[in-house]
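Architecture and fold: a report
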Amino acid sequence: MNDLIRLSDVHLPAVPIVLPPHEGQNLEASALILTHGAKSAEQVIVDFRNRYSPESQRWFRRYYLKAHRNRDRTSLRYAWNLDIPSTDRTVGIFKGDDLAAAQILIGNNMAGAWMSSISWHLCEDRDGDEPVAIGRFDPWSLLQDITPADIVRLRDARGLVPNIEGWDFDNFYMHRKCPSCGQKISINMFAFNIDSAQCNKCGVRPFLSCALGRLLHLALPAVTGQGEQILSADQALLNTVEWLGDVNAGTDHLHQEELPEHITPHLMLEGLLKNSRLLAAAPEGRFALAPTVMNHLADNQDSASMVIGAANLLAKTIQEGGPFTDTHAATARLLQLVERDALKALKELN
Ligand SMILES: [Zn+2]
């Protein structure tokens, strides 16, 4: 019952086993970017637990203890329907009156399920009014009041161990195998921008690679000259730069399975730049903006030179493969807006 007191704490309660890091696994720590408003992965979990505290849950699963006739053993039972006892199910059997065993069995019973809005109640008997323990479906609640000695005893005597991999009942973690080196990666997606997840072994960004690969695939004909162009070269290029810039990534962080083998992400971006209608390479090695955009900016020379300057810096970084920053992302957004404005003005004129 003291779980309710612990929930008001700013830290997660201590548990008698080693949990995976709150951030996720096999991540490059320096690349991680917290989502807006998040202070740390731990704080995000603490806040989430407070928001979905057991006493605020409308739904609960009632588990109860049933002593065997010789009193030596106890069954942990789950009351599926409180009005129909015949539908109760046995979840596990253990020696004596062992609450530690019961709580671990409750967790393992629901391993892999999404349980954020459902709490667990453990009662001494089926119709008992007051539960002997209640909590959330998460490791901190389920392992409350369990000692390291309990964990060892239950493992050695009964082979009962918390199935921690399956205890992510709030779906905090997103998992993926690194497409480059095969290492398993997970990230706390409530706390971090998942595109900032970077494999700490090979440097590839598994989630970003997959998402950008799908986007780039739509613009592939601009580079290969084959197939149906779904996304324009400019849209694909500027969206990609924006995406990379928001998480400080470069093309060497991408591992492409969505693109043909001979087209690396870097070649793809260079190809898109060459086929851009917005940014055309001028003879003197600089980039010029499309005539439509230049005409639109003709009345304001200051804006025009600022936009051209920014576009050239961006083109250079694209040729270098990054890394892209917030500033590049902002330039990409600006160019898209300027082009949109220019096309709109042209339409109104005609
Ligand atoms: Zn890797």
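Because the structure is predicted, anything quoted here is derived from the model rather than measured.

Details of the sheet that holds strand β8 (residues 184-188)
- The strand order across the open sheet formed by three strands is β1-β8-β7, and the pairing between neighbours is antiparallel. This sheet does not close on itself; its edge strands, each paired only once, are β1 (24-25) and β7 (173-177).
- The pairing of β1 with β8 spans two bridges and is classified as antiparallel. Across the sheet, the residue bridging to Gln25 is Ser186, located in β8.

A word on the domain arrangement of the protein
- Here the protein is partitioned into domain 1 (3-24 + 38-166) and domain 2 (205-349).
- Computed from C-alpha atoms alone, the centre-to-centre distance between domain 1 and domain 2 is 52 Å.

Some words on the environment of Cys210
- Position of Cys210 among the secondary structure elements: in helix α6 (residues 206-218).
- In the structure, Cys210 is positioned 46 residues away from Gln256 in sequence and 7.3 Å away in space, judged by C-alpha atoms.

Some thoughts on the packing of α6 against helix α8 (residues 233-246)
- Contact geometry of α6 with α8 gives a least axis separation of 10 Å together with a crossing angle of 165 degrees. By the angle between their directions, the pair α6 and α8 is classed as roughly antiparallel. Where α6 crosses over α8, the handedness of that crossing is left-handed. Contacts between α6 and α8 involve Leu212, Leu215, Leu216 and Leu218 from the former and Ala236, Asn239, Thr240 and Trp243 from the latter.
- A class-by-class count of the residues in the contact of α6 with α8 yields six nonpolar, two polar and no charged.

Cut-offs and rules
Numbering of residues starts from 1 in every chain and runs along the sequence as written. Owing to the predicted nature of the model, reporting of local features is limited to residues with pLDDT of at least 70; listing and counting of side-chain atom pairs is limited to 80 or more, with chain, interface and lining totals taken over all residues. At least two DSSP bridges between two strands are needed for those strands to be called paired. Per the convention used, a helix needs a DSSP run of H or I reaching at least four residues, while a strand needs a run of E reaching at least two, with both numbered from the N terminus. Start and end points for every domain follow an automatic or database-based domain assignment. Axis geometry follows a simple rule: fit a line to the C-alpha atoms, using only the stretch in contact for helices, then measure angles between N-to-C directions, giving values from 0 to 180 degrees. Here roughly perpendicular refers to angles of 65 to 115 degrees, roughly parallel to angles under 35, roughly antiparallel to angles over 145, and oblique to all remaining angles. Each crossing is labelled by how the near helix is turned from the far one, with a counterclockwise turn of less than a right angle marking it left-handed and a clockwise turn marking it right-handed. It is the C-beta atoms, placed from the backbone, that decide contacts: two residues are in contact if theirs lie within 7 Å. Amino acids are sorted into nonpolar (Ala, Val, Leu, Ile, Met, Phe, Trp, Tyr, Cys and Pro), charged (Asp, Glu, Lys and Arg) and polar (every other residue, Gly among them).

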